[in-house]
Amino acid sequence: MTATSQSLPDYHHYLDNFSVHSVIARLDDHRDGLLNAFEACCGRHVRAGRGDVLALVQEDSQGDMHTLSYAELDEQSAKLAGWFQSQGLGIGDRIACMLPRSPQLLIAVLATWRIGAVYQPLFTAFGPDAVDYRLGRAGTKLVITDHANRYKFDGLSQCPPVLAVGGATSEHAGDQDWQAALTHTSMSDKPPRLAPEAPFLQMFTSGTVGKPKGVAVPLAGMTAFAIYMELAIDLRNDDRFWNMADPGWAYGLYYAIAGPLLLGVTTHFCEAGFSAEGALAFMKRHHITNFAAAPTAYRLMKASGLFDDAHETLELRAASSAGEPLNTEVVTWVEKSLGCPVMDHYGQTETGMTCNNHHALDHLKHVGAMGVPMPGYRLAVLDAEYKELPAGEPGVLAVDIKNSPAHFFQGYTWQEKNPFVEGYYLTGDVVIRNEDGTFQFAGRDDDIITTAGYRVGPTDVENSVMTHPAVAESAAVGQPDEIRGEVIKSYIVLREGYEASDELADEIKQRVRERLSTHAFPRIIEFVDELPKTPSGKIQRFKLRAQAVEEAKASQ
Ligand code: ATP
Ligand code: MG
């Protein structure tokens, strides 16, 4: 781990020169504090004479390329918005969309915002139950989908009207036709400008540790999105930016759609699902300079072996990752193989990104840490009594709301437990603040392992296990143990070409014991074909923990 020294004073200087209010002002031509997401992401760029800039470059699954300029997005979203209004839709209505990464998806998002309605993403891999859960809670007024996904809306407790890309079929004769809607008379009135507290996105969390929680994102969130894109992503006008994350989730919707469009930059969509080969070809074909993806994508890219000399052909200038811990091994690999450093960014559906390694603050990079609080946020580490802890002590990461002007999360939309206490928003994640001001992720509160009286974060163990060349992925959990309370158990997926054996297990145990610590190494290793993950690719340690508990019982 390489800590840097001189960083903190520079960072404060940087913060002092940065004003959150200047960002808000830039999103709103009228400067009266009222906002419309369509205006912020498209309308004002067109008015400023930047209509010819491409908002989107998309490659469909046949390999054909499609583009949308900001002017075209303006024009087409005006027609769809006109059609929405003809259906009686307006401010605050939830409009859900289940479409692949396509120009239609982008038009639907912008048209929704244009009428002051709230865009609700539906990930294309969802089945009918996941759809029912989200539509039922949100009281969704319209669904936009295509033939491939249409069946998922059959048999819902209450199905809203459907606008079908590809038109109505005989099975769903009542559906409205997308093509016809796009020939509707354009919305003639100005997009309604609303208070910053008004919602523009209806999200659900990833459901990594339980039922997904409903989160309505207020327009004020755009401020934080813009700060993130500018400082942490370091997005520049001439960048060819590709955030691989699916816009069915917060990472993709906030930072592959809203973020780049707020800055008036081109975003890239690849319709085809993930493959390491496809990702490499896409990056080359589109000369990607700024790349973002979840850690699981980087791990798969690394395990594929295809990227080892990629820096010779790629044009990457910046890379970033968020959603899960980015293993230190992967950080080192990216820099060597892709030819640019990868910045680990921490965020939540609730808050957006709050703690980041910044490209602009390259000297602050502390490998293995998730960076520093984003301008506009003050983050604290709290003990069990909600008192702030000094550097070096693990505790729950919290946002100090009164000192965080960019903070926008107001609470869950439905009945969930209250995450606010004494002026703090509690993230539920355990971190340690390092002496240099960077934050170190230890694990989710529930994932922390207590072994022989020590609290061990799974992230450290996983990082260490991952340094073994045979390991593609791993997850560490606590298994109940009579003597130690819990022992660390690592579930490991091996890279192709490696065979599971007791010798290999011993070798990995020994390696972690020597490199990490004699108390925080996995005493038990199980090789598995895959790890349980959410649809967005996050490891679900709670499922492995339940499995480990059962295995402990069975072996007694
Ligand atoms: P749910 O809240 O429904 O259980 P979730 O917490 O996975 O699901 P998201 O909002 O998508 O839902 O994810 C936020 C969480 O992801 C964070 O609270 C943290 O646990 C994890 N996370 C995000 N970025 C990072 C990162 N850079 N390093 C470590 N963990 C991260
Ligand atoms: Mg969460």
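Residues numbered from 1 in each chain as written. Chains lettered and ligands numbered in written order. Predicted model: local features only at pLDDT ≥ 70, side-chain atom pairs only at ≥ 80, totals over all residues. Heavy atoms only, no water.

Undergrad: I'm lost on the site of ligand 1 in this one. Help?
TA: Surrounding ligand 1, one finds 20 residues, the nearest of these being T205, S206, T208, D429 and K538. Side-chain polar atom of S206 to an oxygen atom of ligand 1: 2.6 Å apart, as the coordinates give it. Q348 places a polar side-chain atom, nitrogen or oxygen, 2.8 Å from an oxygen atom of ligand 1. Starting from 630 Å² of accessible surface for ligand 1 in isolation, the protein chains cover 95%. Counting residues per element, the ones that place at least two in the shell around ligand 1 are β14 (342–348) and β21 (439–444). (Near = heavy atom within 4 Å. Polar contact = N/O pair within 3.5 Å; in protein donor to acceptor, adjacent residues only side chain to side chain. Areas by Shrake-Rupley, 256 points an atom, 1.4 Å probe, with all protein chains shown as cover. Helix = DSSP H or I, 4+ residues; strand = E, 2+ residues; numbered from the N terminus.)

Undergrad: Help me understand the domain arrangement of the protein chain in this model?
TA: By a frequent convention, interface size equals the accessible area lost on bringing the separate parts together. When its domains are assigned, the protein chain resolves into domain 1 (11–433) and domain 2 (448–555). Of note, the centres of domain 1 and domain 2, computed from C-alpha atoms alone, are 32 Å apart. Across the boundary between the two partners, domain 1 contributes 21 residues, which contact 20 residues of domain 2. For the domain 1 and domain 2 pair, buried surface summed over both sides reaches about 1700 Å², with 54% attributable to carbon and sulfur atoms. The salt bridge involving R299 is made with E473; its shortest N-O contact spans 2.9 Å. Seen at the junction of domain 1 and domain 2, the total is seven residue pairs in polar contact (both at pLDDT 80 or more). At the level of elements, α11 (295–304) and α12 (328–337) are the ones that each hand at least two residues to the side of domain 1 that touches domain 2. Take the side of domain 1 that touches domain 2: its biggest share by element is four residues, from α11. (Domains from an automatic or database assignment. Contact = heavy atoms within 4.5 Å. Buried area = accessible area lost by both parts, 1.4 Å probe. Salt bridge = Lys/Arg side-chain N within 4 Å of Asp/Glu carboxyl O.)

Undergrad: Teacher, can you tell me more about the packing of aromatic side chains here?
TA: Here the distance between the centres and the angle between the planes together describe a pair of aromatic rings. Under the definition given, this model contains 22 aromatic pairs. On the numbers, 5.5 Å between centres and 55° between planes, the contact of F123 with W249 is tilted. One end of the pair, F123, is in the loop between β4 (118–121) and α6 (128–138); the other, W249, is in the loop between β10 (241–243) and α9 (250–262), with 126 residues separating them in the sequence. Relative accessible area serves as the criterion here: at 8%, W249 is assigned to the buried category. Consider the rings of W242 and F291, whose centres lie 5.5 Å apart with planes at 50°: the pair is tilted. Remark: F291 occurs in strand β12 (residues 290–293) and W242 occurs in strand β10; sequence separation between them is 49 residues. Linked through ring pairs, W113, F200, F225, Y228, Y251, Y254, Y255 and F408 together constitute an aromatic cluster. (Phe/Tyr/Trp six-rings, centres within 6.5 Å; stacked < 30°, edge-to-face > 60°. Buried < 20%, exposed > 50% of the residue type's maximum accessible area, 1.4 Å probe, protein only.)

Undergrad: Just checking my understanding: could you explain the pattern of salt bridges for this structure?
TA: Tallied over the entire structure, the rule returns 22 salt bridges. Note that E59 and R285 form a salt bridge whose closest N and O atoms lie 2.6 Å from each other. In this pair, E59 sits in strand β1 (residues 54–59) while R285 sits in helix α10 (residues 276–285), placing the two residues 226 residues apart along the sequence. Taking the relative accessible area as the measure of exposure, R285 reaches 47% and is therefore partly exposed. For R101, the salt bridge goes to D246, with nearest N and O atoms at 2.9 Å. Here R101 is found in the loop between β3 (94–98) and α5 (103–114), whereas its partner D246 is found in the loop between β10 and α9, with 145 residues between them in sequence. Per residue, the accessibility class of R101 equals that of D246, and both read buried. Residues joined by salt bridges that share partners form a network here, namely D234, R236, D239 and R317.

Undergrad: Please explain the packing of helix α3 (residues 37–50) against α5 as it appears in this structure.
TA: When two helices pack together, their arrangement is given by the angle between the helix axes and the distance between those axes. In the contact formed by α3 and α5, the axes pass within 7 Å of each other and the chain directions differ by 125°. As judged from the angle between their axes, α3 and α5 are oblique. The two elements α3 and α5 meet at a crossing, and its hand is left-handed. Across the interface between the two elements, A37, F38, C41 and C42 from α3 touch L110, W113 and R114 from α5. Residues that form the contact of α3 with α5 fall into these classes: six nonpolar, no polar and one charged. (Axes fitted to C-alpha atoms, helices over the stretch in contact; angles between N-to-C directions. Parallel < 35°, antiparallel > 145°, perpendicular 65-115°, else oblique. Left-handed = near helix turned anticlockwise from the far one by under 90°. Nonpolar A, V, L, I, M, F, W, Y, C, P; charged D, E, K, R; others polar.)

Undergrad: Looking at this model, I keep getting lost on the side chain of E59. Mind explaining?
TA: Judged by its relative accessible area of 7%, E59 falls in the buried class. Side chain to side chain, E59 and H286 meet in a polar contact 2.6 Å long. Those residues in contact with E59 that sit more than four places away from it in its chain are D64, M65, F269, C270, E271, F282, R285 and H286.

Undergrad: Hey, could you run me through the sheet that holds strand β25 (residues 485–494) in this one?
TA: The strands making up a sheet associate through backbone hydrogen bonding, with each pair oriented either parallel or antiparallel. Here three strands make up an open sheet; going across it, the order is β24-β25-β26 and the pairing mixed. Strands with a single pairing partner mark the edges of an open sheet, and in this sheet they are β24 (471–481) and β26 (524–527). Taking each pair of neighbouring strands and ignoring which way they run, the sheet shows an average axis angle of 25°. Pairing geometry for β24 and β25, over 10 bridges, is antiparallel. Bridge assignment links V477 to a residue of β25, and that residue is K489. Running at roughly 130° to β26, helix α14 (residues 502–515) makes contact with β24, β25 and β26 of the sheet. Contacts from helix α15 (residues 541–554) reach β24, β25 and β26, with the element oriented near 50° to β24. (Pairing = 2+ DSSP bridges.)

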